[in-house]
Amino acid sequence: MKRATAIALASFVSLAAVSGTALAQSAKSLVGAWTIVDVGDTYGKDPKGSLVFAANGRYVLTLTRSDLPKFASNSRVKGTADENKAVVTGSISHFGRYKVNEKDKTLTLDIESSTYPNWVGTSQTRPFTVANDELRYKVAVPSAGKGTGSNEVVWKRAK
């Protein structure tokens, strides 16, 4: 009887571990707000960012360098060439719809609008993992182009 109980307990623990792994890759595990941890060198040593996945399948993402210059004119439409270049190279934002393929462990972003116009109307599929309140995914071709640094992005669940 003890052996049967031990086998049943071991089977339950194994099943729970497999279920937990599967759940970690589900769309439900993405829902909520995330803050940036690491995005490579493009956004400096202390990047700022927020990513929100809504339960209805919509998302919004914003990333910026922490050292963006203030505009001397105090008007975003009157920035100098250098100020505008710093903002364009040091930030990105996009939003749209998302879906998760739980079998392939991929996240697809259907980008409706972006501060990088080349991404508008595109769908980007990214392999991802979620574990211990940490989301990781890879961007095949970063907005800064191939060879511009790490393509792995790491987020932590916002508290």
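Residues numbered from 1 in each chain as written. Predicted model: local features only at pLDDT ≥ 70, side-chain atom pairs only at ≥ 80, totals over all residues. Heavy atoms only, no water.

Asks: How should I be thinking about the side chain of Glu83 in this particular structure?
Replies: In this fold, Glu83 is placed in helix α2 (residues 81-89). Although Glu83 is buried, it makes no salt bridge; Lys70 carries the closest opposite charge, 11 Å away. Engagement of the side chain of Glu83 in a polar contact is seen with the backbone nitrogen of Thr80, the distance being 2.8 Å. In this structure Glu83 touches Lys70, Phe71 and Ala72, once residues within four positions along its chain are discounted. (Helix = DSSP H or I, 4+ residues; strand = E, 2+ residues; numbered from the N terminus. Buried < 20%, exposed > 50% of the residue type's maximum accessible area, 1.4 Å probe, protein only. Lys, Arg positive; Asp, Glu negative; His and termini not counted. Salt bridge = Lys/Arg side-chain N within 4 Å of Asp/Glu carboxyl O. Polar contact = N/O pair within 3.5 Å; in protein donor to acceptor, adjacent residues only side chain to side chain. Contact = heavy atoms within 4.5 Å.)

Asks: Would you take a moment to explain the pattern of salt bridges for this structure?
Replies: Should their charged atoms come close, side chains of opposite charge can pair. One pass over the full model with this rule turns up 8 salt bridges. Arg58 is the partner of Glu112 in a salt bridge, and the nearest nitrogen-oxygen pair spans 2.9 Å. Residue Glu112 is located in strand β5 (residues 106-114), and its partner Arg58 is located in strand β3 (residues 58-64); the two are separated by 54 residues in the primary sequence. The closest approach of N and O atoms between Arg65 and Asp67, which form a salt bridge, is 2.8 Å. Here the salt bridges share partners, and the residues they tie into one network are Asp133, Arg157 and Lys159.

Asks: When you look at the pairing of strand β4 (residues 91-101) in this model, what are you seeing that I'm missing?
Replies: Looking along a regular strand, one sees side chains alternate from face to face of the sheet. The sheet contact formed by β3 and β4 spans 7 bridges and is antiparallel. If you follow Val60 over to β4, its bridge partner there is Phe95. Where β4 meets β5, 8 bridges bridge the pair, whose relative direction is antiparallel. If you follow Gly96 over to β5, its bridge partner there is Ile111. Between the end of β4 and the start of β5, which pair antiparallel, lie 4 residues, with Lys105 showing a positive phi angle near 55 degrees. (Pairing = 2+ DSSP bridges.)

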